[in-house]
Amino acid sequence: MYNQPLAYFITFTTYGTWLHGDSRQSVLVENHSTKIIAPNERFYEHEQQRMKSRAVLFDEAMRQLVCDAIVERCLWKEWYLHACHVRRNHVHILVHSSESIDKVMVSLKAWCTRKLRQSGHQLPKVWTRHGSTQYVFTNAKLLEKIHYIVHEQGERGMFCVAGV
């Protein structure tokens, strides 16, 4: 029997800021399987050349806009937002929803993009394709993820916690 997760831990990055082959590991999905990509300078350069627009880094105002958009979307969809932290090049979200994890991520990314464009940020691409999605099944893991989002992301910047 399948247990409903307590929350989804979702992370997605801004366009062009985490390319395959760079100094961090990345994940490549091919034919319904995932493959860890180690640092590889030639692959990284190839990925840079394939970019269709410049990399996106959020300034303070953009980070606030994205954070507000996530809160707004969660309220509208009646999802429970445990925590959210918007960084210059990525977003961490811990949310409870009865919808699928992929639908939640796609909805949040689309809503943030819409709000950015409505405020005058005409970015051809905002996000990388897909993101990281994890299910959280225990209270201990839920608290661990909240701590990670709130306390392990550097300066406090744009974040919200508990109960939206």
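Heads up: the structure comes first, above all this text.
A quick note: this is a predicted structure, and the numbers were derived from the prediction, not measured. Here the residue index of a chain counts from 1 through its sequence in written order. Given that the model is predicted, a residue must reach a pLDDT of at least 70 before its local features are reported, and side-chain atom pairs must reach 80 or more before they are shown or counted; all residues, however, enter totals for whole chains, interfaces and linings. Derived side-chain values reflect all non-hydrogen atoms in the structure, with water molecules and hydrogen atoms excluded from consideration.

Draft legend 1. Geometry of the overall build of the protein. Scanning the protein for helices and strands turns up four helices and seven strands. Comment: elements are numbered from the N terminus, with helices defined as DSSP H or I runs of at least four residues and strands as E runs of at least two. Element order for the protein, N to C, with α for helix and β for strand: β-β-β-α-α-β-β-α-β-α-β. Classification of residues uses two cut-offs on accessible area relative to the type maximum, computed with a 1.4 Å probe and protein chains only: under 20% is buried, over 50% is exposed, and between them is partly exposed. For the protein, buried positions account for 43% of its 164 residues. Here, residues are in contact when the closest pair of their heavy atoms is within 4.5 Å. Counted over contacts in the protein with a minimum sequence separation of 6, partners at least 24 positions apart contribute 69%. Working definition of accessibility: Shrake-Rupley area with a 1.4 Å probe, residue cover restricted to the visible protein chains. Total accessible area on the protein is roughly 9700 Å²; 52% of this is exposed by carbon and sulfur atoms.

Draft legend 2. Here's a closer look at the pattern of salt bridges. The rule for a salt bridge is simple: a side-chain nitrogen of Lys or Arg has to be within 4 Å of a carboxyl oxygen of Asp or Glu. Applying the stated criterion across every chain yields a total of three salt bridges. The salt bridge involving K77 is made with E99; its shortest N-O contact spans 3.2 Å. Note that K77 is positioned in helix α2 (residues 60-77) and E99 in the loop between β5 (90-96) and α3 (101-118), a separation of 22 residues in sequence. According to the relative accessible area criterion, K77 is partly exposed, its value standing at 26%. In this structure, K141 and E144 form a salt bridge, with 3.2 Å as the shortest nitrogen-oxygen distance. Of this pair, K141 and E144 are both found in helix α4 (residues 139-151), three residues apart, which corresponds to roughly one turn of the helix.

Draft legend 3. The arrangement of the state of the cysteines in detail. Pairs of cysteine sulfur atoms within 2.5 Å are what we label disulfides. One pass over the structure, following the stated rule, counts zero disulfides. Cysteine C84 remains unbridged, with the sulfur of C67 as its closest cysteine sulfur at 4.5 Å. Exposure remark for C84: the relative accessible area of 0% places this residue in the buried category.

Draft legend 4. Structural detail: the packing of aromatic side chains. When the centres of two rings from Phe, Tyr and Trp lie within 6.5 Å, Trp using its six-membered ring, the rings pair. Their planes under 30 degrees apart give stacked, over 60 give edge-to-face, and anything left gives tilted. Taken as a whole and assessed by the stated rule, the structure comprises five aromatic pairs. Each ring, one from Y8 and one from Y135, has its centre 5.7 Å from the other, and the planes form 75°; the classification is edge-to-face. Of the two residues, Y8 sits in strand β1 (residues 7-13) while Y135 sits in strand β6 (residues 132-136), which places them 127 residues apart along the sequence. Residue classification places Y8 among the buried residues on the basis of a relative accessible area of 5%. On the accessibility criterion, Y135 (44% relative accessible area) is partly exposed.

Draft legend 5. The arrangement of α2 in detail. A helix's residues, less one, multiplied by 1.5 Å, set its expected span. Between the first and last C-alpha of α2 there are 26 Å, a value that for 18 residues agrees with the 26 Å anticipated at 1.5 Å per step. Along α2, the residues classified as buried are M62, R63, V66, C67, A69, I70, V71, R73 and C74. Each polar contact in these results corresponds to two N or O atoms within 3.5 Å; when the atoms are within protein, one needs to be able to donate a hydrogen and the other to accept it, and residues that are neighboring in sequence are counted only if both atoms are side-chain atoms. With a side-chain oxygen positioned 3.1 Å from the backbone nitrogen of A61, the residue opening α2 is D59. At the exit of α2 stands E78, carrying a positive phi of roughly 60°.

Draft legend 6. Region of interest: α3. In this model α3 runs 26 Å from its N-terminal to its C-terminal C-alpha over 18 residues, within 8% of the 26 Å that 1.5 Å per residue would give. Those residues of α3 hidden inside the fold are in contact with β1, α2, β5 and β6. The positive-phi residue at the C-terminal boundary of α3 is G120, with phi of around 105°.

Draft legend 7. Structural view of the nonpolar core. Counting residues in each nonpolar core, the largest one holds 30 residues, and the members touching the most others are I10, F58, V66, I70, I93 and V95. Excluding anything up to four places from it in sequence, F58 contacts T14, R63, V66, V86, R87, R88, L116, V126 and W127. By nonpolar core is meant a set of buried Ala, Val, Leu, Ile, Met, Phe, Trp, Tyr and Cys residues that side-chain atoms within 4.5 Å join together. Membership of the second largest hydrophobic core comes to seven residues, among which are A83, L94, L142 and I149.

Draft legend 8. Spotlight on the environment of P5. Counting through the fold element by element, P5 comes out in the segment before β1. Residue P5 is classed as buried on the basis of its relative accessible area of 3%. Between the alpha carbons of P5 and Y135 there is a distance of 6.0 Å; along the sequence they are 130 residues apart. Those residues in contact with P5, other than ones at most four positions away along the chain, are H96, Y135, V136 and F137.

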